[in-house]
Amino acid sequence: MKCTLHRRFGAEYAQVIPVTLWFAISVFAVWNPEPLGPLWRVLYLVGSLVVLYLVLHWLTARPIRFKISQYAPSVPRMDPSELLCRERRLRTLVNSISEPVCFTDGQGRWLDANTAMLRLTGLHMDGYQRKTGKQLMTNCQDKHGQLLLQLSGIQNEDPGKIAHVRHIHREQGTPFVAYDVTKIPIHSNDREVEWAVLFRDATEEYRTIEKLRESEQRYRSLFDHDGDMVVSVDLNGVIQSVNPSCTPILGYQPEELIGRYYADLIAPEYRLGAKERFDRIVRGELLSLFAGLLHKSGRQIEVYEKKIPILVDGRVTGFFWTIRDITSQRLAEELLIKSERLSAIGQMAASIAHEIRNPLTALKGFVQLMLQSREVREPYLVIMQSELERIDLIAGELLVFSKPSAPHMERQNYVSILNEVLDLMDPHAALHNICMSKRIVATEIEINCDKNRLKQVFVNVLKNSIEAMPTGGEIEIEVRVADDKVVTTIRDNGPGIAKDTLEYVGEPFYTTKPSGTGLGIVASRKIIESHLGTLEIDSEEGRGTEVRIEIPL
């Protein structure tokens, strides 16, 4: 192999003789520093002039070639048959490519093309050389082929670099086509730059990208204009994005929430169990519940929220948190619950009055006896005290039940709440010849609840059972703990509910009682749902009715 520095050294090696002579005289002068007289001076001057002339001649007229065989061995000249064999292999490779390929010169004239290109354009092997793509378009009837011929003449902004171009062709009334065009420069020492032009049909790929873009725009439109607040949260609990609905619901601008921890928005009383719910979402569960969030102003708002896992390639990468403001809905429900509470009090008024009248009669009798005997008897006082306590208990429970109060969740003894309701309902049950029995597994079961609202649920259910048995009957109350829930079952042996009627029970304003409103079960179910529980009714005509209430511990 030969290495060219700046000029090549010619074939006239005889020119090296003067240089060699001058070099010998210079060496002799170094070893014999004493002057040699006029002859030395003449020879040295002549040698220097000759060397200077040769150097100038070589730099201006002849290239200089140096042999550096020790660094780059020369390449042996290739045999013509080997060159032909290599060309055949390369042509076979290019023709085997399924994508169209053509070769052009610097002016865009075709030099060669592979089989795929000729098939698409309808050209023949002997009819396209030295013609431009525009010239060849007149012989092509296929629209795709015409497009390829047109694209083959695309000019590079930088002739020395590979160029990549995506061309999308649209015509009215016909599907679009897309091609990726790659132009690769081929450099030669003795010839101008040629180009290898490769075409790749990108129609399906572009169509897929278009569909994905359209889908993204549709979901983005839904995300931005949804009336519910939609938040995306990562696995660290950090808010990544939020739609503009956060402003009317929570008072924040979207940029104020991005980067914050989502749990900071949850009202303190609803944070109990938040970590456990987060872990369930990360495991892929979908959760929905009623909760309270903190408005930017500091006030609390009631919301209904859903947490939906985000799955990417089967892995949970975060979750969507959808939030619906139900403050106005809660106000309507409060009015419904208050109305149903007052209705229940009105219906129980007669039995409560009867229950209070009995101890009053006893008190009146004992007072008369003591007035007649003019002495205070201790046994009479004990009985009178007991009857007064009974009156106080009934009046107190009635007062608590009828008093309006804001929702307030706190840890309470579930068994005590139920017993207080049974004490209140005893007179009403006795008036209708109803016997109530209870079976409770424990004396204390702690749950997070609103005591007064839970009482209203029990009153509504027991009142319905009593009214379903006008000639008397039995009501059985069972309380047990199962799967981290307290399960209460209230059964009666009344006439039951027909199957075609049962499916409508619980719908607003549907009732089978002449004086009913159809709102008792609706209000009760809303209260239990606010406790993250369920209320289910099962009944069979002729076999009584069973109400099952489940509330998480």
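## Some words on the sheet that holds strand E10 (residues 315–325)
In spatial order, the strands read E7-E6-E10-E9-E8; together these five strands make up an open sheet with antiparallel pairing. For this open sheet the edge positions go to strand E7 (239–242) and strand E8 (287–294), each flanked by a neighbour on one side alone. The average undirected angle you get between the axes of adjacent strands in this sheet is 30°. The pairing of E8 with strand E9 (residues 300–312) spans eight bridges and is classified as antiparallel. Paired with Leu287 across the two strands is Lys307, which belongs to E9.

## What to know about helix H14 (residues 451–467)
Look at H14: 24 Å from first C-alpha to last across 17 residues, which is about the 24 Å you get at 1.5 Å a residue. Burial within H14 is extensive, with 13 of its 17 residues counted as buried.

## Let's talk about the sheet that holds strand E17 (residues 544–552)
In a beta sheet, neighbouring strands pair by backbone hydrogen bonds and run either parallel or antiparallel. One open sheet holds the five strands; their spatial order is E12-E14-E15-E17-E16, and the pairing between them is mixed. Each edge of the open sheet is held by one strand with a lone partner, namely strand E12 (434–440) and strand E16 (534–540). Each adjacent strand pair in this sheet contributes to an overall mean axis angle of 15°, direction not counted. Two elements, strand E15 (residues 485–492) and E17, share eight bridges in a ladder whose sense is antiparallel. By the bridge assignment for E17, Val487 is matched with Glu550. Packed on one face of the sheet, helix H13 (residues 414–431) meets E12, strand E14 (473–482), E15 and E17 and runs near 170° to E12. Sitting on the sheet, helix H16 (residues 520–530) is in contact with E16 and E17, with an inclination near 140° to E16.

## Things to note about the packing of aromatic side chains
With the rule as written, the count across this model stands at eight aromatic pairs. Summarising the aromatic geometry, the rings of Trp110 and Tyr128 are spaced 5.9 Å apart at their centres and angled 70° between planes, so their arrangement reads as edge-to-face. Of this pair, Trp110 sits in strand E2 (residues 110–113) while Tyr128 is found in the loop between helix H4 (115–121) and helix H5 (133–136), placing the two residues 18 residues apart along the sequence. One aromatic cluster is present, built from ring pairs that chain together Tyr261, Tyr262, Phe278, Phe319 and Trp321. The side chain of Lys183 reaches across the aromatic face of Trp195, ending 5.0 Å from its centre.

## Here's the deal with a nonpolar patch on the surface
A contiguous nonpolar surface patch, about 250 Å² in accessible area, is contributed by Leu286, Ile308 and Phe320. Position of Leu286 among the secondary structure elements: in the loop between helix H10 (274–282) and E8. When its relative accessible area of 53% is taken as the criterion, Leu286 is described as exposed.

## Regarding H10
Inspection of H10 places Ala274, Arg277, Phe278 and Ile281 among the buried residues, and these make up the whole buried set. Here the buried residues of H10 occupy an arc of 105° about the axis, which is enough to place them on one side. Where H10 is buried, its residues touch strand E6 (229–234), E8, E9 and E10. Gly284 sits one or two residues past H10 and shows a positive phi near 105°.

## Notes on the layout of surface pockets
Volume-wise, the largest pocket comes out at about 900 Å³. Arg277, Leu289, His531, Leu532 and Pro552 are the residues nearest the centre of the largest pocket, which is lined by 28 residues in total. When contributions to the lining of the largest pocket are tallied by element, the ones reaching two or more residues are H10, E8, H16 and E17. Looking at which element gives the most residues to the lining of the largest pocket, the answer is E8, with five residues. Residue composition of the lining of the largest pocket, by class: twelve nonpolar, seven polar and nine charged.

## Details of the confidence of the model for the chain
When pLDDT is averaged across the chain, the result is 76; 72% of the residues are at 70 or more. Mean pLDDT across the elements of the chain ranges from a minimum in helix H1 (residues 16–31), with 58, to a maximum in E15, with 91. For the stretch residues 1–13, pLDDT sits under 50, and the model shows 28 contacts to residues farther than four places along the chain or on other chains. Here residues 62–73 is a poorly scored stretch, pLDDT under 50, and it has 24 contacts once near neighbours within four places are set aside; other chains count.

Conventions and cut-offs
Residues numbered from 1 in each chain as written. Predicted model: local features only at pLDDT ≥ 70, side-chain atom pairs only at ≥ 80, totals over all residues. Heavy atoms only, no water. Pairing = 2+ DSSP bridges. Helix = DSSP H or I, 4+ residues; strand = E, 2+ residues; numbered from the N terminus. Axes fitted to C-alpha atoms, helices over the stretch in contact; angles between N-to-C directions. Expected span 1.5 Å × (residues − 1). Buried < 20%, exposed > 50% of the residue type's maximum accessible area, 1.4 Å probe, protein only. Contact = heavy atoms within 4.5 Å. Phe/Tyr/Trp six-rings, centres within 6.5 Å; stacked < 30°, edge-to-face > 60°. Lys NZ or Arg CZ within 6 Å of the ring centre and 35° of its normal. Patch = residues over 30% accessible without salt bridge, like charges linked within 9 Å, V, L, I, M, F, W, Y side chains within 5 Å. Areas by Shrake-Rupley, 256 points an atom, 1.4 Å probe, with all protein chains shown as cover. Salt bridge = Lys/Arg side-chain N within 4 Å of Asp/Glu carboxyl O. Arc of directions from axis to C-beta. 1 Å grid on protein atoms, 1.4 Å probe; cavity = no way out; pocket = protein on both sides within 12 Å on 5 of 7 lines; lining within 4 Å. Points joined across faces, edges and corners; volume = space filled by probe spheres on them. Nonpolar A, V, L, I, M, F, W, Y, C, P; charged D, E, K, R; others polar. pLDDT = per-residue confidence, 0-100.

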